[in-house]
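Architecture at a glance
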Amino acid sequence: GAVLLRNIGVVKWAKGDHEGGLEAYFEARRVRELTGSLHTPEGVVLLLNIGFARADRGDSSGALEAYEQARHLYEAFATLETPSGATLLTSMGVAL
């Protein structure tokens, strides 16, 4: 389900189908929300993908929204002070 959709989004994005990639990410998010699995480490990865994709498209506010959700999960998992957490914080700073 959600993992496959995220992977489809990654491939579509990499091949230049940015709209299709973002749609796949949003569908993966919907599945994770329905199954209660958004608040997991895998959900964090998905939120980061959404944030990176939105930032690449120039949607700073959308990127920041996804990054904020990811940040809350990093804090809940006490993993903000990791290399991945640092990437998140850097991305948030760039989006501002």
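Higher on the page you've got the structure.
Everything numeric here is computed off the predicted structure, so don't read it as measured data.

**With respect to the overall build of the chain**
A tally of helices and strands in the chain yields five helices and zero strands. Walking the chain from its N terminus toward its C terminus, one meets helices and strands in the order α-α-α-α-α. Rg of the C-alpha trace for the chain: 13 Å, near the compact-globule value of 12 Å for 96 residues, within the 12% margin. With the C-alpha coordinates aligned to their principal axes, the bounding extent of the chain is approximately 30 × 30 × 20 Å. Looking at the chain residue by residue over its 96 residues, the buried ones come to 40%. Within the structure as shown, the chain displays about 5300 Å² of accessible surface, and the carbon and sulfur contribution to it stands at 58%.

**Observations regarding helix α4 (residues 60-76)**
With 17 residues, α4 should cover 24 Å at 1.5 Å per step; its first-to-last C-alpha distance of 24 Å lies within 8% of that length. Restricting attention to buried positions, one finds in α4 the residues G62, A63, A66, Y67, A70, L73 and Y74. Considered in projection along α4, the buried side chains sweep an arc of 125° and stay on one side of the axis. Residues of α4 that are exposed and point over 90 degrees away from its buried face: S61 and A76. On its buried face, α4 sits against α3 (41-56) and α5 (83-95). A78 sits one or two residues past α4 and shows a positive phi near 55°.

**A word on the packing of helix α1 (residues 2-14) against α3**
Here α1 crosses α3 at 25°, and the two axes come no closer than 11 Å. Taken together, the axis directions place α1 and α3 in an arrangement best described as roughly parallel. Relative to α3, α1 is oriented so that their crossing is left-handed. Counted together, R6, V10 and W13 of α1 and V45, L46, N49, A53 and D56 of α3 form the full contact between these two elements. Its residues assigned to classes, the contact of α1 with α3 shows five nonpolar, one polar and two charged.

**Examining the side chain of N49**
Within the secondary structure layout, N49 lies in helix α3. N49 gets classed as buried once you look at its relative accessible area, which sits at 15%. With residues near it in sequence (within four places) discarded, N49 still touches R6, V10 and Y25.

**Topic: the pattern of salt bridges**
All chains considered together, the criterion is met by five salt bridges. A salt bridge links D59 to R54; the shortest N-O distance between them is 3.7 Å. A relative accessible area of 17% places R54 in the buried class. Note that E75 and R71 form a salt bridge whose closest N and O atoms lie 3.0 Å from each other. Residue E75 and its partner R71 are located together in helix α4, separated by four residues, close to a single helical turn. Classification of R71 by relative accessible area gives partly exposed; the value is 28%.

About the thresholds
Residues numbered from 1 in each chain as written. Predicted model: local features only at pLDDT ≥ 70, side-chain atom pairs only at ≥ 80, totals over all residues. Heavy atoms only, no water. Helix = DSSP H or I, 4+ residues; strand = E, 2+ residues; numbered from the N terminus. Rg over C-alpha atoms; globule rule 2.2 N^0.38 Å. Buried < 20%, exposed > 50% of the residue type's maximum accessible area, 1.4 Å probe, protein only. Areas by Shrake-Rupley, 256 points an atom, 1.4 Å probe, with all protein chains shown as cover. Expected span 1.5 Å × (residues − 1). Arc of directions from axis to C-beta. Contact = heavy atoms within 4.5 Å. Axes fitted to C-alpha atoms, helices over the stretch in contact; angles between N-to-C directions. Parallel < 35°, antiparallel > 145°, perpendicular 65-115°, else oblique. Left-handed = near helix turned anticlockwise from the far one by under 90°. Nonpolar A, V, L, I, M, F, W, Y, C, P; charged D, E, K, R; others polar. Salt bridge = Lys/Arg side-chain N within 4 Å of Asp/Glu carboxyl O.

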